[in-house]
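Spelled out from the first residue to the last, the chains are:
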Amino acid sequence: MKLFANKLVRHRSSFCLLTIFVLLVAVSKIASAHDARPLSVFIVEQEPHIYRIDLRMPPSVDAANRPEISFPEGCMVHSGVVREATDAFAQTAIAACPALQDGIEGQRIGVHYTLYNPSLSTLLRFSPLSGGTRTAVLPPDQSEWQVPPAANWKTVAHDYLLLGIQHIWGGIDHLLFVAGLLLLARTPRRIVTAVTGFTLAHSITLSLSALGIVRLPIPPIEAGIALSILFLAREIARPDNESLARRYPLAISCFFGLLHGFGFAAALREAGLPQNEIAAALLFFNAGVEVGQLVFIAVVFVLMTIAAGLVMRKAGTLSPSISSLEGLCGYALGVPAAFWFIARVQMFWFR
């Protein structure tokens, strides 16, 4: 009985690491890595006081619970037909607000679900004829947005910082890649090096793509991101300490970081960049991605440290316990990555 208890303690750290991967996979629901996408409401002023509303709903919104957009009094809204788009549902409507002297600027726009609030954030973007796109991200408990008269760097900084955090936390595939880097790097120094390389690399391609300097089609990028996780899973599952990723974690994190940056840029392009505050929007969206990433790394690293301390106090060494279950962690990482890769290839190859 005592021998069994000692073995259980020695393996506690490895079980902790495996649990991190299992929880991430469970949250991802395997079918999609981006089911946490927000509800998107894009409002474009086509003529003075005439607005086109494009509503994009993720598949997680039930057909009977589709939301309605409410405009202020004095507006007449003509709803369009709901149509199926790529991985979403879309609806177009036209709003005429001749009674509003200044249009909808300064007015409140509401988002109301038919049955219940499914705990989705709402991304709103307003593009007036005068220029200066306004963007806001509403948390699930907020159903109204007062359209600001003009965008300024403070509101842009707040909204795009929040958008970046929400995107990284909704992108389970990105978090799984970071978790794989942590497991491969192992030591604090190598972890800092790998994560720094990943950050610098995806910041470069995020900026280049968001500014329109470099453009790549999104479906192959999404498939490549899944493939990058699958590569890390293979390296983790291999017992060879001289494998490519274990020897050169910085090179691997930089290479795949460039790929993930294009994925981040896709979300930023969907939100749009305010023309008068492009630099602030780009800077704070990237900062939001980093904040969300650092919080995730801190949580994982603390769990690993606590587990390591427990094992070292009882058994005096951590290596045997980690290596015994490291292969299972690789498989836990690789199974959803393989599923995503196949599904994403099918989406752009066979459509």
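Now for a description of the structure that goes with this document. These numbers come from a predicted model, not from an experiment.

## Some remarks on the pairing of strand β2 (residues 50-57)
Move 1: Two elements, strand β1 (residues 39-47) and β2, share 7 bridges in a ladder whose sense is antiparallel. If you follow glutamate 45 over to β2, its bridge partner there is tyrosine 51.
Move 2: The hairpin formed by β1 and β2 contains 2 residues between the paired strands, and histidine 49 there has a positive phi angle of roughly 70°.

## A word on the side chain of threonine 122
Move 1: For threonine 122, the location among the structural elements is in strand β8 (residues 122-127).
Move 2: What makes threonine 122 buried here is its relative accessible area of 3%.
Move 3: If sequence neighbours within four positions are ignored, threonine 122 has contacts with Pro38, Leu39, Val41, Val111, Ala136, Val137 and Leu138.

## Side note on the environment of leucine 129
Move 1: On the secondary structure map, leucine 129 appears in the loop between β8 and β9 (134-138).
Move 2: In this structure the C-alpha to C-alpha distance between leucine 129 and glutamine 46, which are 83 residues apart in sequence, comes to 7.0 Å.

## Looking at the packing of aromatic side chains
Move 1: According to the stated counting rule, one finds 6 aromatic pairs in the structure shown.
Move 2: Arranged with centres 6.1 Å apart and planes meeting at 55°, the rings of tyrosine 51 and phenylalanine 126 form a pair that is tilted. Taken together, the positions of tyrosine 51 in strand β2 and phenylalanine 126 in strand β8 put the pair 75 residues apart, joining distant regions of the chain. Exposure class is identical for tyrosine 51 and phenylalanine 126. Each is buried.
Move 3: Each ring, one from phenylalanine 231 and one from phenylalanine 256, has its centre 5.6 Å from the other, and the planes form 45°; the classification is tilted. Of the two residues, phenylalanine 231 sits in helix α6 (residues 218-237) while phenylalanine 256 sits in helix α8 (residues 249-271), which places them 25 residues apart along the sequence.
Move 4: Owing to a relative accessible area of 23%, phenylalanine 231 belongs among the partly exposed residues under this scheme.
Move 5: Looking at phenylalanine 256, the relative accessible area reads 11%, which means it is buried.
Move 6: An aromatic cluster is built from Phe177, Phe198, Phe231, Phe255 and Phe256, whose rings are joined through pairwise contacts.

## Some words on the pattern of salt bridges
Move 1: Counting across every chain of the model gives 5 salt bridges.
Move 2: For arginine 344, the salt bridge identified is with aspartate 173, shortest N-O distance 3.0 Å. Of this pair, arginine 344 sits in helix α10 (residues 319-349) while aspartate 173 sits in helix α4 (residues 172-185), and the two are 171 residues apart along the sequence.
Move 3: A relative accessible area of 10% means that arginine 344 is categorised as buried.
Move 4: The exposure class of aspartate 173 is buried, given its relative accessible area of 0%.
Move 5: The network of salt bridges with common partners includes Asp173, Glu222 and Arg344.

## A look at a nonpolar patch on the surface
Move 1: Taken together, the side chains of Trp169, Val291, Val295, Val299 and Leu303 define a hydrophobic patch exposed on the protein surface, amounting to about 400 Å² of accessible area.
Move 2: Sorting elements by how many residues they give to the nonpolar patch places helix α9 (residues 278-315) first, with 4 residues.
Move 3: Note that valine 299 resides in helix α9.
Move 4: On the basis of relative accessibility, which here comes to 45%, the residue valine 299 falls in the partly exposed class.

## Observations regarding the state of the cysteines
Move 1: Tallied over the entire structure, the rule returns 1 disulfide.
Move 2: Note that cysteine 75 is cross-linked by a disulfide to cysteine 97, the S-S spacing being 2.1 Å. Disulfide cysteine 75-cysteine 97: torsion about the S-S bond near 115°, hence right-handed. With cysteine 75 in the loop between β3 (68-70) and β4 (76-79) and cysteine 97 in the loop between β6 (88-96) and β7 (108-112), this residue pair connects regions lying 22 residues apart in the sequence. Just as cysteine 75 is buried, cysteine 97 falls in that class too.

## Remarks on the packing of helix α3 (residues 153-170) against α4
Move 1: Axis separation between α3 and α4 bottoms out at 5 Å; the angle between their running directions is 75°. Comparing their axes, α4 and α3 come out roughly perpendicular. Of the residues in α4, those in contact with His167, Ile168, Trp169 and Gly170 of α3 are Ile172, His174 and Leu175.
Move 2: Split into classes, the residues belonging to the contact of α3 with α4 amount to 4 nonpolar, 3 polar and no charged.

About the criteria used
- Residues numbered from 1 in each chain as written.
- Predicted model: local features only at pLDDT ≥ 70, side-chain atom pairs only at ≥ 80, totals over all residues.
- Heavy atoms only, no water.
- Pairing = 2+ DSSP bridges.
- Helix = DSSP H or I, 4+ residues; strand = E, 2+ residues; numbered from the N terminus.
- Buried < 20%, exposed > 50% of the residue type's maximum accessible area, 1.4 Å probe, protein only.
- Contact = heavy atoms within 4.5 Å.
- Phe/Tyr/Trp six-rings, centres within 6.5 Å; stacked < 30°, edge-to-face > 60°.
- Salt bridge = Lys/Arg side-chain N within 4 Å of Asp/Glu carboxyl O.
- Patch = residues over 30% accessible without salt bridge, like charges linked within 9 Å, V, L, I, M, F, W, Y side chains within 5 Å.
- Areas by Shrake-Rupley, 256 points an atom, 1.4 Å probe, with all protein chains shown as cover.
- Disulfide = S-S within 2.5 Å.
- Axes fitted to C-alpha atoms, helices over the stretch in contact; angles between N-to-C directions.
- Parallel < 35°, antiparallel > 145°, perpendicular 65-115°, else oblique.
- Nonpolar A, V, L, I, M, F, W, Y, C, P; charged D, E, K, R; others polar.

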